[in-house]
Protein chains: 2
Amino acid sequence: MAQAFSAGRDESFIVRAHGGGGEMMGRLIKEHIVAALGNRTLNELTDGAVVPCDSARLVITTDSYVVQPLEFPGGDIGRLAVCGTVNDLAVMGGKPIGLSLGLIVEEGFSLERLDRILASVASAAKEAGVEVVTGDTKVIEHSSDDGLYVNTSGVAALDDSVNVGFSHIEPGDAVIVNGTLGDHGMAIMSVRNGLEFETVIRSDAAPLNGLIQDVLSAGVNVRFMRDATRGGVAGVLADISQETRLGVEIHEERIPVNPSVRAAAEMLGFDLLSVANEGKMILVIPGDQSEKCLQVMRRHPHGKQAAIIGHTYDVDPPLVEMVTRTGGRRVVQRPYGEELPRIC
Amino acid sequence: MAQAFSAGRDESFIVRAHGGGGEMMGRLIKEHIVAALGNRTLNELTDGAVVPCDSARLVITTDSYVVQPLEFPGGDIGRLAVCGTVNDLAVMGGKPIGLSLGLIVEEGFSLERLDRILASVASAAKEAGVEVVTGDTKVIEHSSDDGLYVNTSGVAALDDSVNVGFSHIEPGDAVIVNGTLGDHGMAIMSVRNGLEFETVIRSDAAPLNGLIQDVLSAGVNVRFMRDATRGGVAGVLADISQETRLGVEIHEERIPVNPSVRAAAEMLGFDLLSVANEGKMILVIPGDQSEKCLQVMRRHPHGKQAAIIGHTYDVDPPLVEMVTRTGGRRVVQRPYGEELPRIC
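Not measured: the values here are computed from a predicted model.

Undergrad: Looking at this model, I keep getting lost on the nonpolar core. Mind explaining?
TA: What tends to happen in soluble globular proteins is that the nonpolar side chains get buried as a cluster. Counting residues in each nonpolar core, the largest one holds 81 residues, and the members touching the most others are B:Leu148, B:Met186, B:Ile240 and B:Ile282. If one sorts the elements of this core by residue count, helix H4 (residues 111-128) of chain B sits on top with eight residues. With residues near it in sequence (within four places) discarded, B:Ile282 still touches B:Val175, B:Ile176, B:Val177, B:Phe224, B:Met225, B:Arg226, B:Val233, B:Val236, B:Leu237, B:Ile240 and B:Ile309. Membership of the second largest hydrophobic core comes to 80 residues, among which are A:Leu103, A:Ala276, A:Cys344 and B:Ile14.

Undergrad: Got a minute to help me understand the domain arrangement of chain A in this structure?
TA: A common measure of how large an interface is: the accessible area buried when the components associate. Residue and element names in this part refer to chain A. Assigned domains of chain A: these are domain 1 (2-158) and domain 2 (166-331). Distance from the C-alpha centre of domain 1 to the C-alpha centre of domain 2: 22 Å. On the domain 2 side, the residues contacting the 29 residues of domain 1 number 26 residues. In total, about 2200 Å² of surface goes out of reach between domain 1 and domain 2, with carbon and sulfur atoms giving 57% of it. In terms of surface lost to domain 2, no three residues of domain 1 exceed Pro 73, Asn 87 and Val 91, which account for 25% of the buried area on that side. Along the contact surface separating domain 1 from domain 2 lie one salt bridge. Put simply, domain 1 and domain 2 have nine residue pairs in polar contact (both at pLDDT 80 or more) between them. Secondary structure elements with two or more residues in the side of domain 1 that touches domain 2: helix H2 (23-37), helix H3 (77-91), strand E5 (94-106) and helix H4 (111-128). Ranked by residues supplied to the side of domain 1 that touches domain 2, first place goes to H3 with nine residues.

Undergrad: What is the right way to look at helix H8 (residues 259-268) of chain B in this model?
TA: Three or four residues apart is the spacing at which side chains of an α-helix point the same way, because the helix has 3.6 residues per turn. All names here are of chain B. Turning to H8, its buried residues number three or more, namely Ser 260, Val 261, Ala 264 and Ala 265. On an axial view of H8, the arc spanned by its buried residues comes to 135 degrees, and they lie on one face. Opposite the packed face of H8, turned more than 90 degrees from it, sit the exposed residues Pro 259, Glu 266 and Met 267. Those residues of H8 that are buried lie in contact with helix H5 (183-193). The first or second residue beyond H8 is Gly 269, which carries a positive phi of 75 degrees.

Undergrad: Mind showing me how you'd approach the environment of B:Leu42 here?
TA: By the secondary structure assignment, B:Leu42 is in the loop between helix H2 (23-37) and strand E1 (49-53). Residues B:Leu42 and B:Ser153, spaced 111 residues apart in sequence, show a C-alpha to C-alpha distance of 15 Å. If sequence neighbours within four positions are ignored, B:Leu42 has contacts with A:Val132, A:Val133, A:Thr134, A:Gly135 and B:Leu37.

Undergrad: It is not clear to me how the sheet that holds strand E2 (residues 56-65) of chain B should be interpreted in this structure. Could you clarify?
TA: Two strands in a sheet stick together by hydrogen bonds in their backbones, pointing the same way (parallel) or opposite ways (antiparallel). The sheet built from five strands is open, its strands ordered E1-E2-E7-E5-E6 (chain B) with mixed pairing. Pairing within the sheet leaves two strands with one partner each, and these edge strands are E1 and strand E6 (132-140) of chain B. Averaged over all adjacent pairs, the angle separating strand axes in this sheet is 20 degrees, with direction ignored. Together, strand E5 (94-106) and E6 of chain B form the strand contacts of H2(A), whose direction differs from that of E6(B) by roughly 135 degrees.

Undergrad: Please clarify how the sheet that holds strand E14 (residues 329-331) of chain B should be interpreted in this entry.
TA: All names here are of chain B. If you walk across this open sheet you meet the seven strands as E9-E11-E8-E12-E10-E13-E14, and the pairing is mixed. For this open sheet the edge positions go to strand E9 (224-227) and E14, each flanked by a neighbour on one side alone. Each strand axis lies, on average, 25 degrees off the axis of its neighbour in the sheet, ignoring direction. Sheet topology places strand E13 (residues 320-323) next to E14; three bridges connect them, and they run antiparallel. When the sheet's bridge partners are listed, Val 323 is paired in E14 with Arg 329.

Undergrad: Would you mind showing me how to read the relation of the copies chain A and chain B here?
TA: Related by rotation about an axis and a shift along that axis, the two copies of the chain form a pair. Here chain A sits on chain B after a turn of 180 degrees about the axis and a move of 0.0 Å along it, with an RMSD of 0.0 Å. Here the two chains are linked by the operation of a two-fold rotation axis. Interface residue correspondence from chain A to chain B reaches 100%, placing this contact among same-surface, isologous pairings.

Undergrad: Sorry if this is basic, but what is going on with the pattern of salt bridges here?
TA: Side-chain pairing between opposite charges can occur once the charged atoms of the two side chains come close. Residues and elements named next belong to chain A. Scanning the entire structure with this criterion turns up 38 salt bridges over all chains. In this structure, the salt-bridge partner of Arg 226 is Asp 47, at a minimum N-O distance of 3.4 Å. Pair noted here: Arg 226 is in strand E9 (residues 224-227) and Asp 47 is in the loop between H2 and strand E1 (49-53), with a separation of 179 residues, a long-range link. Across the salt bridge formed by Arg 334 and Asp 239, the nearest N and O atoms sit 2.8 Å from each other. Separated by 95 residues along the polypeptide, Arg 334 in the segment after strand E14 (329-331) and Asp 239 in helix H7 (residues 232-244) bring together distant segments of the chain. Look at Arg 334 and you get partly exposed, because its relative accessible area is 23%. For Asp 239, a relative accessible area of 18% gives the class buried. A single salt-bridge network, built from bridges that share partners, covers Asp 47, Arg 226, Asp 239 and Arg 334.

Calculation criteria
Residues numbered from 1 in each chain as written. Chains lettered and ligands numbered in written order. Predicted model: local features only at pLDDT ≥ 70, side-chain atom pairs only at ≥ 80, totals over all residues. Heavy atoms only, no water. Core = buried A, V, L, I, M, F, W, Y, C linked by side-chain atoms within 4.5 Å. Buried < 20%, exposed > 50% of the residue type's maximum accessible area, 1.4 Å probe, protein only. Helix = DSSP H or I, 4+ residues; strand = E, 2+ residues; numbered from the N terminus. Contact = heavy atoms within 4.5 Å. Domains from an automatic or database assignment. Buried area = accessible area lost by both parts, 1.4 Å probe. Salt bridge = Lys/Arg side-chain N within 4 Å of Asp/Glu carboxyl O. Polar contact = N/O pair within 3.5 Å; in protein donor to acceptor, adjacent residues only side chain to side chain. Arc of directions from axis to C-beta. Pairing = 2+ DSSP bridges. Axes fitted to C-alpha atoms, helices over the stretch in contact; angles between N-to-C directions. Least-squares fit on C-alpha atoms with pLDDT ≥ 70 in both.

Here you go:
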């Protein structure tokens, strides 16, 4: 059924790629959503919106979760929702004030399973040091076996001292990642494909606000942060290059990857740069602060494998390139958007 | 399929009534959601959570919308979402700062229809004087023909002068409604049942923040406000009685109802007190300010048919009673929660 819609690439209907975090989704957002609702704040298209409130600034963000399966090694839809929303607030430089939890549940869904997922929401929220302050529950007829969709929205306070964004990035900045790539996406795909490896691939879903606060408190002049979810690191770097008109060069050998994740990606034919993470972010900071930043990050549980994977530089036309293990260079493309449906 | 789950009232599974705004839903929230996530703010179970932010107070709220059909006389899921969230903020006394928009769309959904719904979101937001500042889009496989689920969350600033809540209600307070009851629910049910009346029944979906600001600015000492959505006015009054331990007496003849809505309710066997509204609220204010409040409300487009429908009083045990047209009295029960599925 779904194939019939997407095969023809009929431009009049929603196709899977519209939700994939790639080019198609970018067009949906710009040509339809922003076209209808556009305003100065929304048009920024950042992970969270910065809005004034009296003399302070707030960050507001929202995410819906439709991941399948609902439970997977390393997490479940509840943990994913809390971490994703906390991270969207944190990479904007915000300190979370509160989360909301919207549940859409199918009739016939097991209450025991719901309790398990709610316990996971509670545990992730505790880990992030934030509370679910309000919620909403809707019940729909049983039809898809999806069982549960979750929306988490969040509000954070933005400290005066924090100023992150594309416009602060300069040539010669270091590009840092806080750990191994692709764990979440490959955990989901391995479960779906029934793959077994010596080590179970676990999702990296984790709240990054603590790690980010450590970096900011250490006085690192963070210019830009973004969590590398749908579209992966490739999507984040493509955005950086597009918005700054700078080149980004990364080095394949410096990119941390779990061996079992690499094996799964090779077996299934995925490029780990495009695979979704749920506890990984890209930081852009001044090149001369990169070693200091790395030291701070490696002291935190979610930054133990942090690495400087590349840098920004002046080049025309601006593009993202990777120096491969064999010394070659390849252009890193923005994912088109259909690689990994229902990953978050 | 769904019947098989709900017929037996097996306590281990989600049934439709868990989402209906009545007793079953109250139990789901208390015994599962609050049990897992409870904290001082969440436990209040108000329309929006009040959280401190520096010296100010914020209101945070969230709502998911699963209404069927997506478009109906007087509105659509987009207008409903904006009005519902704005109203949840406004009845807490908050001035909306920004809304988020989370879309879960089925593959194959018409982009033209999506554009129409987004235009409706934009128009309702403009009417309410608030912006959609951030959003999220997910695509799921086509399975249910529901097409689209919408989450709107919102943030508002709470003025120091505003103090509304159950605890402020006193015996002898006036109970006011801003207009006719049951329009939204009966609009949806008439479409679903293919009913035709001389006048098309239109949903009352409307943002109430302007009307509420007028009342507050006029110096009315508002003690409590709540929009009468799922569970209707009966649900709101049951909450008032339960939380204040006061009785509430209302008069059937004073309750504004559109004739075609009354006809539809009689034909389909619904009690309009339990039917959902999307542009109606209950206000509780000091009895001696009720005429003044009514004058202010009637000057606003969403308050033209405002009416004092009853009052609070000391009685043991506390209950909600309606004096009928014929002079009898009947107890107004809290709706159980299955009357009107997928109404919002």
